[in-house]
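Survey of secondary and tertiary structure
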Amino acid sequence: MAHVPIIQVSRIQEDGDEISNLKKMKPHVPGIVIFADHNRQMPWSVTYHAVVMFADISGFTALCEKYSHMGQSGVDQLTRTLNEYLSALVEGILRSDGDILKFAGDAILAIWRVGRKEELQSEFVKVAKCCLDIQEKCGEWDTDIGVKLTVKIGLAAGEMSVTFLGNKEFRHYVELGPAVTAVNAAEHFCQSGMVVISPDTWEYCEQGLFELEPMEDEKHMRLMSLIPTKRTRSQSLPTTVLVSRRSFERRMSDEKPPEFPAKGSLDLASPSKTKDSDSSDFDKPVSGLKTAVENKFKIGSRFGKLRKIVTAVTEMKLDVALRLYILSPVLKKLDDNQPLEYLSEMRQVSIVFMNLVLSEGIDTASTLQTIFELVYSRTKAMNGSLNKLFLFDKGCTFLLIFGLPGFKSENDCAHALMSSGRMKSQLHKVQGVRNVSIGVTTGTTFCGVVGHPKRHEYSVIGRKVNMAARLMMNYPDKVTCDTDTFQTCRLPASYFVEMATKQLKGLKNVGVIREFAGFSGEQKTVAKQITHSMYPILGRQMEEFMFGDQVAAMRSEAPAHHRHLVFSGPAGIGKTRLLDQILSMSQQAGFRVISCQCDLEDSSYPYFITSHILQSLLRYTGFSEKLSKDAYLTDAVGVNNAQYLFLLNGILDCQLETPDSLIGAKFNEQSKRQQLLRAIAAKCLHSEAIRECVIVIDDAHNVDTSSWQFLCEMVNLSHCLIILSIRPTLLDVPTCRAAKDFMEDPQVKVVDLGSLEPKYMAPLACQMLDVISIPRDLDKLLRERVHGVPLWCMEFLRDLVKNEQLLVVNDDGQSDLVSQSTVAPNQDLIKPLTPARELELPSTQKLLHVAAVKVQPSNYMMDTEKDFLSATGYLYASPSRNENHLTVSDLAQISAGGAMTSMSRPNSSIKPKKLPAVTAKHRLAVFEKDVKPEDIPIPSAMKELVIARIDSMRASEQLLIKCAAVLGQKVRKDILETLMPKAHRSKLSKGIRKLMENGIFECSNAPKHIDRRLSLGERSNVKSKCYCNAEEVAASEPNSVPSCNEPMFTNKLLQETAYEILMESQRIELHTKAATFLELSADVLRQQIPYHILGRPPPREDLENQLKRIDLKMQDLDTMINMRSLRPDNRIADLTFARTAAEMKTKRGRRLAVSVTSENNFPLARKIAEGGTPVEQIGQLIDSLLPVYDSLIYHWKNAKEHTHLVNTMIEAISASVERKKLKKAEELLESAFAALQEASEVPDSNLVTAKLFRMKGK
């Protein structure tokens, strides 16, 4: 097998050359998109005569499986192997003037367009030679882990068309026609290593040029080889070339096979550094056109300036058009000038494959446009991404992905299922759609940019991708999912039905397959209510006081002075629990309460929250259901505006007719609608039935744009207090102008909600587990690992219970498990409150709420924390029931006998065994006997929550966090600057300040303990300030945040997770850069310390210094000769010699041949004495050097530079011994021996080993 280049994804760009947006986008789309008419109305189609190639690669799934078991290091090797193989295929296609239409995961669809049907004959010869050459070089490709990659190729020629679909946000294209259908059928007859030609292609071929072998159907032919001829037709010209085809064919010559690039010559993310980087593969088909156009512009120098203007305008328009065809995660990286390698990762995502069987005889383009708009809107509403669209003989197929970078949420698989169910229901109503089959899988999948520097796409590859496709095809007209999706989504088990297991091609151990059929796919009509907790709220006293202050201000004589509150915080920080407490306080104060919780899909329904608020206000006033006969609305909006009430039909759920006078009339509907809404809301709020109202909206970042406009109108209304909870991303990147205006309104106060203090972790765990105490070791783990985030605490406890590491039992005092040291919080903090709060709702609204609970899928979250354990397998009994309860001693016996229940979910494939009921009286949480708390790992669910938090940040902030994570929890700004791409270094200070404001960073020199007497804002200010320079902080303004030189992660788990996201090659590169920087810093200190103290070799001196040293030695030798030649008869000389000899004797070392006297007769000795560093100063320098050694050891170790690592350890050992830090020296010595054993190649390893043994005293 011939070796082809390894595609190395480019490293962090040091040159900082920013490639134009157009050049960066071109490789992501095919030529047919670049040269399309982007001004045409969607949908539109274009027809070509073309040769079509479909190359299907086998072995990618097995490759992903093996590499995924290697951890993060496997991601880098997988990316390299994929791009190495794909680049070989793509290079052959591009050099044959082909256009890569699509990367379909582990397949490639390419076309060779011609201007006329007659040109297909010569074009097919060229394509056939290209395919044979690809099979010769890539037909059997051995990888470094024993998986063999193979390819099978189908060929067809004829007529095909490309239909462009989309909207103002996103566009795609789909290929169809006889040639596409034929090439798909030809590929089905292929086996590995084959090239199969479709039957219809023969009319375009000179059959005498090919050696063929018929397939089993006697119609399709296998291409074996080309029959050599003296002269064959040359490569055909593209259709757009502005020269004579006939004149070109006169220059016939023997064709050369596609040339594959030299090894290591390709760079995926740096096309500017490759040959012909300014042009992509699609530039070649139009080279004649470009040349002709450029020649016209070159006529006369007077056209030079005009040419530049036309080129710039054309590229600007094309730049805008191409953005619509590129996936959003990729666009974010391109816009931020980030290397594309940061998109390649093994990531947990949910894959949705959807196939639609269409009826015959329909308007295909129009039907596909309708389907596209529906699928795109429903997918976007749930934070999904539309990745691929195909149209083959099996129907129209969509590939949707949930959980990509920048679009990850806390429960992607639930969103994937809910979106699939809703799409299936709505697609069945589209004319021309016969059935809809959907397969949903969840798991770790390779997500990244694959291909060639001049043509690549963002793809997902892995076992879960294949499984979703197999589920789609084997379970027609159903929404099916795998076991991982079922267990991870946490939707009610009643939503699923187990299916008969079928054999899925190429897959083993697929587990239980379930149909998702739990709810109606109709549009939501009722908002979800805020979840209520039965336990006291913990650690939110300051926020409660703030709400109380605004209530007092609203009830004062100047109600306009109160401010609406917006609580901002990341997912799981406790916003919902705080709003639940505010609801309880509002009801106790006698307010009318309107509350709801926004789901992700609510943002796609215009006026959804407006409708909920307005209908609640009207019902509180006792408003009649018959709008047309009730004078209340007419009085509210005025007689003149009453005729416009039909504009509120969808909002008030009524059917008012449009007056004849307004039919065809032109007026601003949106402005008039907002005017009516404000008038009705003001009328309701001033009514006696309401008087004072509190509107509480949880997850308001999901509020639709139209409702934000309504909330802006509500801000200035008296007798109304609005309380919202949002994610911080809404402040950084508002979803609409109205949302930005609301947050910046002077009457709105935004409050950052921080994590809970560590002391509340034990009470919170007791509430979640419904126990009175927890093990002390568990309290320590929670303080260290969950960082005060309630959702992380729940996930951590859930994982412990599921894995049977944490047990909930009754205390009977008869077991050893009771002897575990426990923490028992104050009973007032963990005792359930009065029965669940009943919201004061109008009778109609109560019925609607009950209906919503029964049918809405958004109510899948637990209503109380008590459901937490039941969801993981525990079966509860009422405390009043008199049954045999599970005691600690019972549990010990069960555990010893191996009969402990499985903590699987109810109705799962593994049925839990029923335990004796456990009551709330004396319930304890204890560790299982053999559990070592220090060995408990971080649950994967917690890491997914952290990844979702990182993904919610801006691309530049994500890059900064990933680079900073390499440095550890404490970060040095000067080192971080060297790790960042050059284009981002100027933004570093601003980025650090922003992350400090968001609570990701804090100054490492900040006070450890914050005065609790400070207000919430003052405490937040302390955390976001820099204390690296006290004078600078004192001189700065109270609210300013100076750039911090030594920030640190406030959350260690976030730092560790951000580090794990990086590919191994990225880590090695960043560690190497950091170590190189530190080496330069250490050299400044090393130069002031004698080399022998650090165990370093003597410094190399240049020739001039060596000559000077020899000269000084000669002068010393002359002095000694003169001293020894003194005669004893000279009395003065005798005394001098005796005194000199005595001093030499006392100062002579064991290896010195000549000693130094106190006389200044020796130039070399005098030179050393004059240039030496005082001992005290040397000690200070070594103390400064020791922490640098620690950092160097950390970075060289992770950079896998064993030679540098061992040498640094030897220096650190010598320095530690010099400062009498013997324990540290011993630890370093053991680590050095271990590093030396792990190292494969270390220069002079025997000498290094001997040196280490000498240090050890052996």
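Residues numbered from 1 in each chain as written. Predicted model: local features only at pLDDT ≥ 70, side-chain atom pairs only at ≥ 80, totals over all residues. Heavy atoms only, no water.

1. Quick word on the overall build of the protein chain
Put simply, the test is: By the criteria applied, helices consist of DSSP H or I runs no shorter than four residues and strands consist of E runs no shorter than two, each listed in order from the N terminus. When a residue's accessible area, from a 1.4 Å probe over protein chains only, is under 20% of the maximum for its type it is buried; when over 50% it is exposed; and in between it is partly exposed. By the convention used here, residues are in contact when the closest approach between their heavy atoms is within 4.5 Å.
Within the protein chain one finds 45 helices and 28 strands. A total of 1258 residues make up the protein chain; the buried ones form 53% of that total. Here the contacts in the protein chain between residues at least 6 apart in sequence split such that 76% fall between residues at least 24 apart.

2. Re the pattern of salt bridges
Selection rule: Salt bridges are defined by distance alone: a side-chain nitrogen of Lys or Arg within 4 Å of a carboxyl oxygen of Asp or Glu.
Per the counting criterion, the structure on display carries 39 salt bridges. When the shortest N-O distance is used, the salt bridge between glutamate 713 and arginine 678 registers 3.2 Å. Of this pair, glutamate 713 sits in helix α21 (residues 705–714) while arginine 678 sits in helix α20 (residues 669–685), and the two are 35 residues apart along the sequence. Looking at glutamate 713, the relative accessible area reads 28%, which means it is partly exposed. Relative accessible area serves as the criterion here: at 33%, arginine 678 is assigned to the partly exposed category. Via salt bridges that share partners, Glu1079, Asp1083, Arg1086 and Glu1211 belong to a single interconnected network.

3. Considering helix α12 (residues 412–427)
Filter applied, for reference: The span one expects for a helix is its residue count, reduced by one, times 1.5 Å.
Here α12 spans 22 Å end to end across 16 residues, near enough to the 22 Å set by a 1.5 Å rise per residue. Most of α12 is tucked away: 14 of the 16 residues are buried.

4. Observations regarding α20
Given a rise of 1.5 Å per residue, 17 residues ought to cover 24 Å, and the 24 Å separating the end C-alpha atoms of α20 matches this to within 8%. Listing the buried residues of α20 in full gives Lys672, Arg673, Gln674, Leu676, Leu677, Ile680, Ala681, Ala682, Cys684 and Leu685.

5. Some remarks on the pairing of strand β11 (residues 384–392)
So the rule is basically this: A pair of strands is labelled paired if DSSP reports no fewer than 2 bridges between them.
Most of β11 is tucked away, with 8 of its 9 residues classed as buried. Summarising the sheet, β11 and strand β12 (residues 395–402) pair through 8 bridges and their orientation is antiparallel. The residue of β12 that forms the bridge with leucine 391 is cysteine 396.

6. Points about the environment of leucine 614
Summarising the element assignment, leucine 614 is placed in helix α17 (residues 608–620). Residue class for leucine 614 comes out buried when judged on its relative accessible area of 0%. Through-space distance from the C-alpha of leucine 614 to that of isoleucine 594 is 9.7 Å; in sequence the pair is 20 residues apart. Sequence-distant contacts of leucine 614, defined by excluding residues within four places in its chain, comprise Ile651, Leu652, Leu677, Ile680, Ala681 and Phe710.

7. Some details on the packing of aromatic side chains
We count it as follows: Paired rings are identified among Phe, Tyr and Trp, the last through its six-membered ring, by centres lying within 6.5 Å, and are further divided according to the angle between planes into stacked (under 30 degrees), edge-to-face (over 60) and tilted (the rest). Whether a charge sits over a ring comes down to the Lys NZ or Arg CZ being within 6 Å of the ring centre and within 35 degrees of the ring normal.
The full count for this structure, using the stated rule, is 13 aromatic pairs. Plain terms: the ring middles of tryptophan 44 and phenylalanine 164 are 4.4 Å apart, the flat faces sit at 10° to each other, and that makes the pair stacked. Here tryptophan 44 is found in strand β1 (residues 44–58), whereas its partner phenylalanine 164 is found in strand β5 (residues 148–166), with 120 residues between them in sequence. According to the relative accessible area criterion, tryptophan 44 is buried, its value standing at 7%. For phenylalanine 164, a relative accessible area of 0% puts it in the buried group. Centroid distance phenylalanine 496 to phenylalanine 516: 5.4 Å. Interplanar angle 55°. Geometry classified as tilted. Remark: phenylalanine 516 occurs in strand β17 (residues 514–516) and phenylalanine 496 occurs in strand β16 (residues 496–498); sequence separation between them is 20 residues. When sorted by exposure, phenylalanine 496 lands in the same class as phenylalanine 516, which is buried. Taken together, the ring pairs connect Phe486, Tyr495, Phe496 and Phe516 into an aromatic cluster. It is lysine 332 that lies over the ring of phenylalanine 407; its NZ or CZ is 4.7 Å from the centre.

8. What about the pairing of strand β2 (residues 99–103)?
Most of β2 sits inside the fold, with 5 of its 5 residues counted as buried. Looking at chain direction, β2 and strand β3 (residues 107–114) are connected through 4 bridges and run antiparallel. Across the sheet, isoleucine 100 pairs through a bridge with alanine 110, a residue of β3.

9. Describing the sheet that holds strand β21 (residues 720–726)
Quick reminder of the rule: Angular values range over 0 to 180 degrees, each being the angle between N-to-C directions of two axes fitted as lines to C-alpha atoms, with helices fitted over their stretch in contact.
Taken in spatial order, the 5 strands of this open sheet run β19-β20-β21-β18-β22, and their pairing is parallel. The sheet terminates laterally at β19 (592–597) and β22 (748–752), the two strands that pair on one side only. Pairwise comparison of adjacent strand axes, ignoring direction, gives a mean angle of 15° for this sheet. As paired strands, β19 and strand β20 (residues 693–698) are joined by 6 bridges and run parallel to one another. If you follow arginine 592 over to β20, its bridge partner there is cysteine 693.

10. Re the nonpolar core
As a reminder of what qualifies: Among the buried residues, those of types Ala, Val, Leu, Ile, Met, Phe, Trp, Tyr and Cys that are joined through side-chain atoms within 4.5 Å form a nonpolar core.
Ranked by size, the top nonpolar core spans 125 residues in total, and within it Ile723, Ile774, Leu782, Leu797 and Leu976 carry the most contacts. Residue contributions to this core peak at 10 residues, all from helix α42 (residues 1175–1198). Tyr605, Leu617, Leu662 and Leu717 belong to the second-largest nonpolar core, a separate cluster that totals 56 residues.

11. Some thoughts on the side chain of histidine 452
Under the convention used in this document: Side-chain atoms alone can form a polar contact between residues adjacent in sequence; in general such a contact is a pair of N or O atoms within 3.5 Å, and within protein one must be able to donate a hydrogen while the other accepts it.
Among the structural elements, histidine 452 can be located in strand β13 (residues 433–452). For histidine 452, a relative accessible area of 2% puts it in the buried group. Within the structure, the side chain of histidine 452 is placed 2.3 Å from the side chain of glutamate 91, a separation counted as a polar contact.

12. A look at the packing of helix α32 (residues 955–966) against helix α37 (residues 1052–1061)
How we decide: Roughly parallel covers angles under 35 degrees, roughly antiparallel covers those over 145, roughly perpendicular covers 65 to 115, and oblique covers all other angles.
α37 packs onto α32 with a crossing angle of 100° between their chain directions and a minimal axis gap of 8 Å. As summarised for this structure, α32 and α37 are arranged roughly perpendicular, according to the angle between their axes. In contact with Ile961, Lys962, Ala965 and Val966 of α32, α37 contributes Leu1054, Gln1055, Ala1058, Tyr1059 and Ile1061.

13. Brief notes about the confidence of the model for the protein chain
Keep this limit in mind: In predicted models, pLDDT denotes the confidence assigned by the predictor to each residue on a 0 to 100 scale.
Mean pLDDT for the protein chain: 75, with 71% of residues reaching 70 or above. Here helix α28 (residues 843–855) stands out as the element of the protein chain with the lowest mean pLDDT, 32, in contrast to strand β15 (residues 479–481), whose mean of 94 is the highest. Predicted confidence is poor over residues 1012–1016, with pLDDT under 50, and the contacts of this stretch with residues over four places away or in other chains come to 11 contacts.

14. A few points about the state of the cysteines
So the rule is basically this: We call a pair of cysteine sulfur atoms a disulfide whenever their separation is within 2.5 Å.
Following the criterion strictly, the structure yields 0 disulfides and no others. Free cysteine: cysteine 131, not disulfide-bonded; nearest cysteine sulfur from cysteine 130 at 5.3 Å. On the basis of relative accessibility, which here comes to 0%, the residue cysteine 131 falls in the buried class.

15. Some words on the packing of helix α24 (residues 761–769) against helix α25 (residues 776–785)
Under the convention used in this document: Amino acids outside the nonpolar list (Ala, Val, Leu, Ile, Met, Phe, Trp, Tyr, Cys, Pro) and the charged list (Asp, Glu, Lys, Arg) are all regarded as polar, and Gly is one of them.
Where α24 contacts α25, the axes come no closer than 9 Å and their chain directions differ by 110°. When the axes of α24 and α25 are compared, the pair comes out roughly perpendicular. Touching Met761, Ala762 and Ala765 of α24 are Asp779, Leu782 and Arg783, all from α25. Of the residues contributing to the contact of α24 with α25, the split by class is 4 nonpolar, no polar and 2 charged.

16. Here's the deal with the environment of histidine 612
On the secondary structure map, histidine 612 appears in helix α17. Since its relative accessible area comes to 10%, histidine 612 is described here as buried. For the pair formed by histidine 612 and valine 526, sequence separation is 86 residues and the distance between their alpha carbons is 7.4 Å.

17. Things to note about unusual backbone geometry
Of note, the bond from methionine 42 into proline 43 is cis; its omega dihedral lies within 30 degrees of zero at -5°. Residue position: proline 43 is located in the loop between α2 (31–34) and β1. Positive phi values are uncommon outside glycine, yet aspartate 770 reaches one of about 60°. Mapped onto the secondary structure, aspartate 770 falls in the loop between α24 and β23 (774–775). Its relative accessible area of 12% is what places aspartate 770 among the buried residues. Phi angles above zero are rare outside glycine, and histidine 787 is one such case at about 55°. Structurally, the position occupied by histidine 787 is in the loop between α25 and α26 (790–802).

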